[in-house]
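# Close look at the chain arrangement
As a plain string of letters, each chain reads:
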Amino acid sequence: MKALNSLYEAQKIAFSPFVFQTVYTMSSLGIMDELYEERDGLTIEEIAKRKNVSEYGVRVLVEMAKIADILELNGDKYTLSKIGYFLTRDEMTKVNMMFTQDICYKGLFHLKDSILNGKPEGLKEIGPWKTIYEGLSILPEQLKKSWFEFDHHYSDNSFGEALKIIFQHNPKHIYDIGGNTGKWAIASTKHDPNVRVSIFDLPVQLNVAKANIDAIAEIKDRVDYNERDMLDPNSEIPTGADVYWMSQFLDCFSEKEIEAILLKIKKNMKPDSTIFIMETFIDDQRFPAAEFSLIATSLYFTAIANGNSKMYSSSAMKYIVEKAGFETVQEHRLHMDRFHTILEVKLPK
């Protein structure tokens, strides 16, 4: 029986793209929502009539969903299983699914070549860039929506708790390195009416951040924008910051690149300044579903984003921090959002 069960599990893996596309198709056709609303279940004929899909089309979908434990069959009526419920109503699952469909699905076909070549060979399925970050602001709208919803799902809920930690240090000037859409700059300048924020990022990202921040009159004069390619060995980060903030930024780089970025900061850093690194470390997750999601995300970096980064463990990040000549003076595990840890990093005394 163990061998037969293992064989069955192997078939689930072999046909896993079929299951994924079944769920995606049922979701996009509104079938999953329809079954959520009808707790007593619906027949194939009822689903077909309500969603204007052929009975044949409904049948092949629900039969696949049923054998995959996404639906249950009671008499001739299909209902959502608990797995089906989470696929339909759990925010993390929905965000992950749309990110997989719109950003990763085609690109993962090139995973082997990406590993062999050390480049994101799957990125060509989306655009003609060296890394995905060059094209984020000009992605097609649906792809942009899926990417930013994925990114923000794993960051936005952390800001409230993070602000309390950072502002215990009463910073007057924050350098937001990898400012993305400007959400941290907005949150921190609203939190403290006296703080200044300097954003350092690629031009395409700065344009998005500036558009978002310029729309808020009370903060726009306290934010400035600095074009930087952090991988350019000739670029510098000037002195002046009390706090350096990097939120879900360093996981976009290889270990050597992270060290180089930290050394770039170190070069002009004031002795009493503090670096805060916020990440979703794979070894700091309270729930297996989150750990699984993060480890899977590493393959997105490999095949699509940049070809050489991943989701790191906290021990790996602390090792790189130490290698760059810093010390981690405190770890803050955020309790409200379940995912994040903030490393508080300083120069040795």
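Residues numbered from 1 in each chain as written. Predicted model: local features only at pLDDT ≥ 70, side-chain atom pairs only at ≥ 80, totals over all residues. Heavy atoms only, no water.

## Notes on the pairing of strand β2 (residues 77-80)
With 4 bridges joining them, strand β1 (residues 71-74) and β2 adopt antiparallel strand pairing. In the strand pairing of β2, Asn-74 is matched with Lys-77. Joining the antiparallel neighbours β1 and β2 is a turn of 2 residues, in which Gly-75 adopts a positive phi near 70°. (Pairing = 2+ DSSP bridges. Helix = DSSP H or I, 4+ residues; strand = E, 2+ residues; numbered from the N terminus.)

## Structural notes on unusual backbone geometry
The backbone of Asp-69 shows a phi angle near 65°, a positive value even though the residue is not glycine. Its location among the elements puts Asp-69 in the loop between α5 (55-67) and β1. Phi at Asn-180 is positive, roughly 55°, even though this residue is not glycine. Of note, Asn-180 is situated in the loop between β3 (173-177) and α11 (183-191). A relative accessible area of 17% means that Asn-180 is categorised as buried. (Buried < 20%, exposed > 50% of the residue type's maximum accessible area, 1.4 Å probe, protein only.)

## Focus: helix α7 (residues 91-104)
Look at α7: 18 Å from first C-alpha to last across 14 residues, which is about the 20 Å you get at 1.5 Å a residue. Among the residues making up α7, those that are buried are Met-92, Val-95, Asn-96, Met-97, Phe-99, Gln-101, Asp-102, Ile-103 and Cys-104. Each element contacted by the buried residues of α7 is listed here: α2 (16-28), α6 (82-89), α9 (141-153) and α15 (288-305). (Expected span 1.5 Å × (residues − 1). Contact = heavy atoms within 4.5 Å.)

## Digging into the packing of aromatic side chains
In total, this model carries 13 aromatic pairs according to the counting rule given. Seen from their ring centres, Trp-147 and Phe-148 are 4.9 Å apart, and the 75° between their planes marks the pair as edge-to-face. Measuring from centroid to centroid gives 4.0 Å for Trp-184 and Trp-245, while their planes differ by 20°, and the two rings are stacked. With Trp-184 in helix α11 and Trp-245 in strand β6 (residues 243-247), the pair connects residues that are 61 residues apart, well separated along the chain. Taken individually, Trp-184 and Trp-245 each receive the classification buried, so the pair is uniform in this respect. Grouped by ring-pair contacts, the aromatic residues Phe-99, Phe-150, Tyr-300 and Phe-301 constitute a single cluster. Sitting above the plane of the Phe-326 ring, Lys-266 keeps its charged end 5.9 Å from the centroid. (Phe/Tyr/Trp six-rings, centres within 6.5 Å; stacked < 30°, edge-to-face > 60°. Lys NZ or Arg CZ within 6 Å of the ring centre and 35° of its normal.)

By themselves, these are just geometric observations and shouldn't be taken as functional.
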